[in-house]
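Each chain, written out:
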Amino acid sequence: MLAKLMKYEIKATARLFVPLYLTLLFFALFNRILNPFEMLDSAESFNLQVLFSLLSITAYFMLIIGTMVMTLVIMIQRFYKNLLGDEGYLMFTLPVEPWKHIISKFLVAMFWTVLSFATAMCSVLILLKVDNLFGELRRLIEQFTELFGRYALFTMPLYALIYLASGILMIYAAISLGHVFSRHKLLASFGMYFALYSAYQIVMTLYLLIFGRMIFPSIMTGSAPAFSEISKFLLSLCIPGILIMLSNYMITNIVLKKNLNLE
Amino acid sequence: MNNILECKNLTKAFGNKVALNDVTLSIPRGRIIGLLGPNASGKSTFIKLCNDLLTPTRGEILIDGKRPGVETKKIVSYLPERNYLNEWMRVSDIVGFFRDFYDDFNVEKAYDMLNRLDINPRDKLKTMSKGTKEKVQLILVMSREAQLYMLDEPIGGVDPAARDYILDTILGNYNENATIILSTHIISDIEKILDEVIFIKEGRIVLNKTVDEIREETGKSVDSLFREVFRC
């Protein structure tokens, strides 16, 4: 059943994301051919060419921001409308446990968020006209390892994914908690988001106060951190990240399972 | 286990407002039951509680001996009083959706009914009129071979001609052991198909009898009794 739910979730979202990605990539290609940056450099006075270049660059950056905003909006809308709006009457009468609804929405949201980021990166690469792309990428990775150490190539994405996951689940938890209120559900959801956010900030601060000395001793001595220290620090931050993620998931599941009220 | 649905002291409150008040009921298998009451009397609340879309404030519901959950959702086919289908989907997509999730869904039956009502399976929901959407939903719900059908206002939004067809559809598509509970306030049209009626007023059950009992005891039709009980 989880696989079927995910299939329909991907179907429902792909029709929004795929055209968005194609537009972004097309605009990157368009800007590469038009080369507005060079036009701006070579222009001697303000003319139509300059105006057009400025417009084209602006449109591209708006599209990048738009892609990120749309990713967030679609994620919220899919949870709110499809589960707690009218469509929820269908979803919650399917013979499926509530946790499968949460997990299917969550995994698909993770997938699109990573893909939105990857598409934005791709569009930058298209725009930049990099010669010897793979050589440049290798150089980038080398520089990264010089700064943070080899392990950070794994620990940093892991850290990012865990906090992305707990962020998505926090939105779900806030919407679910807001739904428990009998009136002003949307406003209550915003309130709940800030309540959860503040609570987790306190948890993180306490965690660092208690364990900071242990996991990041160079902070105390003021010396430059060793590579192993950076990765250890990132990994240790994953622990509260995972706890926050689980807590968000559990809040969402309890509300949808024990306290669902579609009015 | 003879009764398909039982509820004991079922109460649902929204804030201070009590929508359903201490309802105790037993509903046997193989009946067509009208849940009748004016607007906001608690009909939809009762049906939504049975479908696990609302959480009871107090009391208990048992469907086929089980609390509402995954197992009861497999045997209950529910028609809500609103449009719950994705607007961007085609009818054929939604038929596929029902087939994927309900083991008791009969695809041929669904296509046959769509065909008879001249609904093109390739059409998207958003291009359809409100009445057509309601027909699609009813076809989907009645294409399941369920044990309990709960239809919330199934004839509310469609014209009288389609109403007859829909009632025939309901009657022609359920097996003898299944029970149909349908809520409505348009009684005259459905009186002829009902075995039993439940009158609900301000969240309480005020009458629960078979149609024959009503005729014998009062000499009145369900419609005229309804007008009497719910006179404003």
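What counts, and at which threshold
Residues numbered from 1 in each chain as written. Chains lettered and ligands numbered in written order. Predicted model: local features only at pLDDT ≥ 70, side-chain atom pairs only at ≥ 80, totals over all residues. Domains from an automatic or database assignment. Contact = placed C-beta atoms within 7 Å. Helix = DSSP H or I, 4+ residues; strand = E, 2+ residues; numbered from the N terminus. Nonpolar A, V, L, I, M, F, W, Y, C, P; charged D, E, K, R; others polar. Expected span 1.5 Å × (residues − 1). Buried ≥ 20, exposed ≤ 12 C-beta atoms within 10 Å, placed from the backbone. Axes fitted to C-alpha atoms, helices over the stretch in contact; angles between N-to-C directions. Parallel < 35°, antiparallel > 145°, perpendicular 65-115°, else oblique. Left-handed = near helix turned anticlockwise from the far one by under 90°. Pairing = 2+ DSSP bridges.

So, on to the domain arrangement of chain A. All names here are of chain A. Under the domain assignment used here, chain A contains domain 1 (1-129) and domain 2 (131-263). For domain 1 versus domain 2, the separation of C-alpha centres amounts to 22 Å. Taken together, the contacts link 17 residues of domain 1 with 16 residues of domain 2. Of all the secondary structure elements, the ones that give two or more residues to the side of domain 1 that touches domain 2 are α3 (48-84), α4 (88-91) and α5 (98-128). Examining the composition of the side of domain 1 that touches domain 2, we find that nine residues originate from one element, α5, more than from any other. Partitioning the side of domain 1 that touches domain 2 into residue classes produces 14 nonpolar, three polar and no charged.

Our next topic: the interface of chain B and chain A. Contacts between the two partners involve 22 residues from chain B and, on the opposite side, 20 residues from chain A. Those elements that place two or more of their residues in the side of chain B that touches chain A are α2 (70-73) and α3 (91-101) of chain B. No other element matches the three residues that α3 of chain B contributes to the side of chain B that touches chain A. Classifying every residue of the side of chain B that touches chain A by side-chain character gives 11 nonpolar, five polar and six charged.

All names here are of chain B. Between the first and last C-alpha of helix α5 (residues 130-142) there are 18 Å, a value that for 13 residues agrees with the 18 Å anticipated at 1.5 Å per step. Inspection of α5 places E134, K135, V136, Q137, L138, I139, L140, V141 and M142 among the buried residues, and these make up the whole buried set. Considering only its buried residues, α5 is in contact with β5 (76-79), α3, α4 (107-116), β6 (148-152) and α6 (160-172).

What follows is about the packing of helix α1 (residues 2-34) of chain A against α5 of chain A. All names here are of chain A. Across the interface, α1 lies against α5 with an axial gap of 10 Å and an inter-helix angle of 15°. One element, α1, and the other, α5, form an angle in the roughly parallel class. At the point where α1 passes α5, the crossing takes the right-handed sense. Classifying every residue of the contact of α1 with α5 by side-chain character gives 17 nonpolar, six polar and four charged.

It is worth spelling out the sheet that holds strand β2 (residues 17-28) of chain B at this point. Backbone hydrogen bonds hold the strands of a sheet together, and the pairing may be parallel or antiparallel. All names here are of chain B. What the three strands build is an open sheet, ordered β2-β1-β4; its pairing is antiparallel. Edge strands, defined here as strands with exactly one partner in the open sheet, are β2 and β4 (58-63). Across this sheet, the average inter-strand angle for adjacent strands is 15°, counted without regard to direction. Direction of pairing for strand β1 (residues 3-14) relative to β2: antiparallel, over a ladder of eight bridges. Within the sheet, the bridge partner assigned to F14 lies in β2 and is K17.

Okay, the environment of Y165 of chain B next. All names here are of chain B. Following the sequence through the fold, Y165 ends up in helix α6. Y165 sits in the partly exposed class, given 15 other C-beta atoms within 10 Å. In this structure the C-alpha to C-alpha distance between Y165 and L117, which are 48 residues apart in sequence, comes to 9.0 Å.

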